[in-house]
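Structural characterization, general
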Amino acid sequence: WKRSRRELLQCLEGLLRALLTGAPLPGPAQPGWERFLRCCRREGLLEAARGGGGAAARPLWLLLDDNFYYQSMRYEVYRLARKYSLGFCQLFLDCPLECCLQRNRLRSDPVPEQTILLMARKIEMPDLKKNAWEQHSLILSSSDCISEDNEQIMNLLATALENPARPNEEDTEQKDTDRAICAASAVHQADQACRRVISQAMKDARDKNVLPSEMKSLAEELNKLKAEFLEDLRQGETLKTQNSDPATSVVSSFQQEATNVVNKYILK
């Protein structure tokens, strides 16, 4: 999913360059471009792009329909808008967990309920006080739909269009790069430590005569848990405690959770 989001943003930037500057459209070598191309063709965007910025004569909204459950995911889109001095806004549909679960059960192809429960724990609502870049945000109840909502949405779009994001004069790109390097190092360290925890946990399970048929399930559960902890660290969800850095905190928390998981299999 992370790779798909990155490819989508790259395709979107290629389209924006064509619309705004008349640059040539990306070729088939661009990952995900053919699929993106079909969507653009359905919306009539390609003729405007080939015309060398013809879309500028009329308002154009590009809608990215996704969960965007981490603020950092949405910030990537904002940075793209800021780079090209475009308007940016967010529409957040606030839906009670039970309502989400009920709607999911009615779907022809429901997703696992555990996925929705995990999403509910991780999702980050727009924080207008903390993040200036989220100022053009609208939070609506997804439990019902009233006519006044349409007017609010149109006002949000108009405000974003009239107030495009402005590129920062300071070298934010270098700061973001440095921050990414530090984050990647922390994730790597935590990953190696968590692997050692899993190795020891599997050994403990074997020593306690956990059935071979259950060892595979145990390994899958531990690796899935590790992936969740590392993603939290990657997205900046883990707070540094008084006596440890984020990576150490992640490993400590993971070790506790891993012990609980192993105990489930041992105490069966």
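Residues numbered from 1 in each chain as written. Predicted model: local features only at pLDDT ≥ 70, side-chain atom pairs only at ≥ 80, totals over all residues. Heavy atoms only, no water.

**A few points about the pattern of salt bridges**
Selection rule: Salt bridges are identified by distance alone: a Lys or Arg side-chain nitrogen within 4 Å of an Asp or Glu carboxyl oxygen. We count a stretch as a helix when DSSP gives it H or I for four or more residues in a row; a strand needs E for two or more, and each element gets its number in order from the N terminus. Remark: exposure states derive from per-residue accessible area (1.4 Å probe, protein chains only) relative to the maximum for the residue type, with buried under 20%, exposed over 50%, and partly exposed in between.
For the structure shown, the criterion picks out 11 salt bridges. Salt-bridge contacts for Lys203 lead to Asp207; the nearest nitrogen and oxygen are separated by 3.1 Å. Here the residue Lys203 and the residue Asp207 both occupy positions in helix 8 (residues 172–207), the gap between them amounting to four residues, near one helical turn. With relative accessibility at 48%, the residue Asp207 sits in the partly exposed group. A single network of salt bridges, built from pairs that share partners, joins Glu13, Arg17 and Lys83.

**Some details on the side chain of Asn104**
To keep things clear, this is the line we draw: Contact criterion: two residues are considered in contact whenever any of their non-hydrogen atoms come within 4.5 Å of each other.
Assignment of secondary structure puts Asn104 in helix 5 (residues 97–105). Contact partners of Asn104, with chain neighbours within four places excluded, come to Pro110, Val111, Glu113 and Ile116.

**Some details on helix 4 (residues 71–83)**
Defined as follows: Working rule for helices: expected span equals 1.5 Å times residues minus one.
Given a rise of 1.5 Å per residue, 13 residues ought to cover 18 Å, and the 18 Å separating the end C-alpha atoms of helix 4 matches this to within 8%. Those residues of helix 4 not exposed but buried are Gln71, Met73, Arg74, Val77, Tyr78, Leu80, Ala81 and Arg82. Two residues or fewer after helix 4 comes Ser85, characterised by a positive phi angle close to 55°.

**Focus on a positive patch on the surface**
Stated precisely, the cut-off is as follows: Nonpolar side chains (Val, Leu, Ile, Met, Phe, Trp, Tyr) within 5 Å and like charges within 9 Å form the patches, drawn only from residues with over 30% relative accessible area and no salt bridge. What sets the accessible areas is the Shrake-Rupley method with a 1.4 Å probe; for residues, cover comes only from the shown protein chains. Note that His is not counted, nor are the chain ends; the positive residues are Lys and Arg, and the negative ones are Asp and Glu. A single reference atom marks each charge: NZ on Lys, CZ on Arg, CG on Asp, CD on Glu.
Taken together, the side chains of Arg35, Arg38, Arg41 and Arg42 define a basic patch exposed on the protein surface. For Arg38, the position within the fold is in helix 2 (residues 33–42).

**Re the nonpolar core**
Definition in use: To define a nonpolar core, start from buried Ala, Val, Leu, Ile, Met, Phe, Trp, Tyr and Cys residues and group those joined through side-chain atoms within 4.5 Å.
Counting 26 residues, the largest nonpolar core has Ala190, Leu218, Leu222, Leu233 and Phe254 as its most contacted members. Within the residue set of this core, elements represented by two or more residues are helix 8, helix 9 (212–234) and helix 10 (246–266). Examining the composition of this core, we find that 10 residues originate from one element, helix 8, more than from any other. Contacts of Ala190, omitting those with residues within four sequence positions, involve Leu230, Leu233, Ala247, Val250 and Val251. Counting residues in each nonpolar core, the second largest holds 24 residues, with Leu12, Leu15, Trp33 and Trp133 among its members.

**Observations concerning the UniProt feature "signal peptide" (unreviewed entry) in the protein**
Filter applied, for reference: UniProt positions are given in the numbering used here, feature names are shortened, and annotations may be inferred rather than shown by experiment.
According to UniProt, the feature "signal peptide" (unreviewed entry) maps to residues 1–22 in the numbering used here. In residues 1–22, helix accounts for 91% and strand for 0%; the two terminal C-alpha atoms are 30 Å from one another.

**A short note on the environment of Met119**
Among the secondary structure elements, Met119 is positioned in helix 6 (residues 113–122). Residue class for Met119 comes out partly exposed when judged on its relative accessible area of 22%. Considering only alpha carbons, one finds Met119 and Asn67, 52 residues apart in sequence, at a separation of 8.9 Å. Setting aside its immediate chain neighbours within four residues, Met119 contacts Asn67 and Tyr69.

**Quick look at the environment of Arg79**
Mapped onto the elements, Arg79 comes out in helix 4. Arg79 sits 86 residues away from Ala165 along the chain, and the two C-alpha atoms are 8.7 Å apart.

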